[in-house]
Amino acid sequence: MFLVFLILAALTILGTAAAMGLRKPIHCILALTVGLVGLAMLYLLLGAQFVGFTQILVYVGAVAILAVFAIMMTQGGKMNIEPHPEKPSSSTLLAGGAVAGAVFAVIAWAILSNSPSGTTTPAQPSVTVVEIGQALMHKYVLPLEIMALLLTAALIGAVILAMPKEQEKS
Amino acid sequence: MLGVGILKGLAETGRNFLGSFVSKDRLTTIQFPEERAPRIEATRNFPFLVYDGTDPMSGLRCVSCFICEKECPPKCILIEKSTDKKPDATGKPQFYPAQFQIDISVCMSCQICVEVCPFDAIKMDTEFELSTQDRFDDLLLPKQRLAKSNEYYHEIHPTEAAAVDAELAAARAKAAPKPVAAPAAVAAPAPVAATLEPAAAPAAAPDTKGSAV
Amino acid sequence: MTPETIDQIFVITKHWLLGYVPAALQPIVSAILSVVPILLAFPLLFAITTVLERKGLGRIQNRYGPNRVGPLGILQPMADGIKSLTKEDVVPRAADQIVHFLAPILIVIAAFLAYAVLPIGRNMVVVNLNAGLLYFFAIGSMVELAVFMAGWSSHSKYSLLGAMRAVAQMISYEVPLVLASIVVIMAAGSLSTVAIVEAQTGYTYTFPHWFVFTPWGFAGFILFMIAATAESNRSPFDLPEGESEIIAGYYIEYSGFKFALFFLGEYLGMFATSALAITLFLGGWSAPFSWLTWIPSYLWFFAKLLVLIGIFIWIRGTLPRLRMDQLMGMAWKFMLPMTLLNLITAGVWHFMPGGILRWIVCTAMVVVPCILLSRSMKQGKTLQVRTYRYAE
């Protein structure tokens, strides 16, 4: 189990690091997809089947496709995308490194102060889909309805953006 | 309602599928190398030379008049006249072609040679599976390959062949008393009488020739 | 050899083989033994389907199909395989080499992964996930990414356009696909495919409890099949492929074995969604009548799969190709409302007491919106008699 965790963690870290480091935007998106799939498999390792598969369904099936469409629409004409040639300056590197270090420190402190020592075996799937459904319908029904409203607004906005214009074009 | 048209279409193709196993008109494919489609009579591909009788070389109707060679638009016919004469099917001595070649890589099947031949010697063949390995020499068909019998001509173009035979027989019947009457040493008035009095001819012809008109 | 033994012969064989393996290796060997039959059976089914399709389409079109290679042409896939293996692999110089190489591989991987949750027979599923159905749809959404990768990496404007259209079509039809299967989840009460098949194995007076024999199930089945046809880019929704005859589709720059991999991926996707339709609506591996249960369950599964493949081939031979706007219009304006109304119908069915009244009400709730929606879709498009004007 620990070996599997190491492999998946390495896959996720490599994927997301490549997403930052690769030169062509499409390669970055595909590397990010690898990282997201690694994350989904980590969820599965923890026993959260619903969340893991929803992660793939939503992130890989929708968000990654949205990102590639975005890249295609904005830079689709230029298929030979030249990577940005300049190296970042030292002050940029310093600021970026400081922020990354601070975030890492906060997360590490949160994790280390909460988890028990040593490795743990993954728990049985204690949260089944039935329980998620019941929680959504009873306890969290208000956030559910607000999300539905948000999604409807987004859908209507998309339809309005995509509708053909009524005024004639010259 | 949506879907009714689709169901009708599905019924039609289903009927086609199931019918293709039972009835021939729902499966109209002819499996080519093993079966052939029947050809209509007016099919034509490249010319061939007709011979009467059994010997291809001596029975050729062609007398080397060179009319087809002159009339051929792409000039694909080459004829060499012989120096001697040999008797043709009616017995009259005629020249014959020593060499008769048609280049079928050039021939365009226009049938002009057939139309102008006064001796009904060259007719259109229907054979089309003529491909060879050599592009030039093997497509230059010589006299030996071009000569095909009158029976073959009847097979491929029955009505045409029957009409040609009737014409040739009529011409032969009209011309028959001349060569036959001379060796019999009948007086000159006899053929003159035959041409002047058509009524006497049918009476004279069966006696001398012995063949039906 | 009782019928139960024949039915469970593969399971028994697998356990017997596992007995020879030391305990430490047993999980891995068990996984391999479960996966290898899928890797063997479904490509074989792919080969058989290519012959069946070509001969079936040929008979529909008044001709023989291929009949030279083996007796009746059944060895044609071997000839096709040799051809695709020996063709030169042409990759455009400006193409993105890594992505170009990975796209067909990703499609085949995603197509094979989807078979992991389909129960082929009684106790014969590779892995019984609690959220099996969700896994299936998650894997299906990876296919769209692979299609896009194929279109982008070929570095050709036409292939990019074809990929965009293909991805748009697949995304649009994924919504009715998932919604049409939600009614089954509601009825069976579980996301696990094994539980869904178990819920359909009962018989009342020799008639099976399949979900397709209910009004909402029948409507759901039809909608699911239409969406499945569109998901696997199959005629009449094969605009991304058919366009490759006119202008390039998304796999025009692929040749040889990679092209064959795309075809393999597409057909495997078709088999996977057909198998899911069988699992959800047609009772999985259960027999149609209670006196036929002596026939092994996996034979029923493959028989139903062959029937559905035959229907796919029949529809391919019948219908002309849909245009892009007609396709998308049907997805969003017809199928999405129908699937949502189907959900309500399934709910009404669940809460009404059993009897003839619930049949009438639910059938009306399915048929009336169908007629109204189809009328509204045809509204703006009346066929007029064409008049031609000739130039003077």
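In this text, all values refer to a predicted model and were calculated from it rather than measured experimentally.

About the thresholds
- Residues numbered from 1 in each chain as written.
- Chains lettered and ligands numbered in written order.
- Predicted model: local features only at pLDDT ≥ 70, side-chain atom pairs only at ≥ 80, totals over all residues.
- pLDDT = per-residue confidence, 0-100.
- Contact = placed C-beta atoms within 7 Å.
- Core = buried A, V, L, I, M, F, W, Y, C linked by C-beta atoms within 7 Å.
- Buried ≥ 20, exposed ≤ 12 C-beta atoms within 10 Å, placed from the backbone.
- Helix = DSSP H or I, 4+ residues; strand = E, 2+ residues; numbered from the N terminus.
- Axes fitted to C-alpha atoms, helices over the stretch in contact; angles between N-to-C directions.
- Parallel < 35°, antiparallel > 145°, perpendicular 65-115°, else oblique.
- Left-handed = near helix turned anticlockwise from the far one by under 90°.
- Nonpolar A, V, L, I, M, F, W, Y, C, P; charged D, E, K, R; others polar.
- Pairing = 2+ DSSP bridges.

A word on the confidence of the model for chain B. All names here are of chain B. Mean pLDDT over chain B: 80, with 80% of residues reaching 70 or higher. Across residues 181-213, where pLDDT falls below 50, the model places 22 contacts with residues more than four positions away in sequence or in other chains. Scored as a complex, the prediction yields pTM 0.82 and ipTM 0.81.

This brings us to the nonpolar core. One finds A146(C), V147(C), A163(C), F224(C), A227(C) and A277(C) to be the most contacted residues of the largest nonpolar core, which totals 122 residues. When residues in this core are grouped by element, the largest group, 15 residues, is from helix α6 (residues 132-153) of chain C. One finds Y51(B), C72(B), I102(B) and A147(B) within the second-largest nonpolar core, a separate group that totals 23 residues.

Turning our attention to the packing of helix α7 (residues 157-188) of chain C against helix α9 (residues 215-231) of chain C. When two helices pack together, their arrangement is given by the angle between their axes and by how far apart the axes lie. All names here are of chain C. Running from amino to carboxyl end, α7 crosses α9 at an angle of 155°, the nearest separation of the two axes being 8 Å. Overall, the two elements α7 and α9 adopt an arrangement that is roughly antiparallel. In this structure, the crossing between α7 and α9 has a hand that is left-handed. Residues Q169, M170, Y173, E174, P176, L177, A180, S181, V183 and V184 of α7 pack against W216, G220, L223, F224, A227, A228, A230 and E231 of α9. Here the contact of α7 with α9 is built from residues that sort into 13 nonpolar, three polar and two charged.

All names here are of chain B. Taken in spatial order, the three strands make up an open sheet running β6-β1-β8, and their pairing is mixed. Edge positions in the sheet fall to β6 (122-124) and β8 (147-149), since each of these pairs with one other strand and no more. Direction aside, neighbouring strands of the sheet carry axes that sit 50° apart on average.

Contact with chain A, which involves 19 residues of that partner, is made by 19 residues of chain C. For the side of chain A that touches chain C, the secondary structure elements donating two or more residues are α2 (25-45) and α3 (49-75) of chain A. Ranked by the residues each element gives to the side of chain A that touches chain C, the list is headed by α3(A), at eleven residues. When the residues that make up the side of chain A that touches chain C are grouped by side-chain class, the tally is 13 nonpolar, six polar and no charged.

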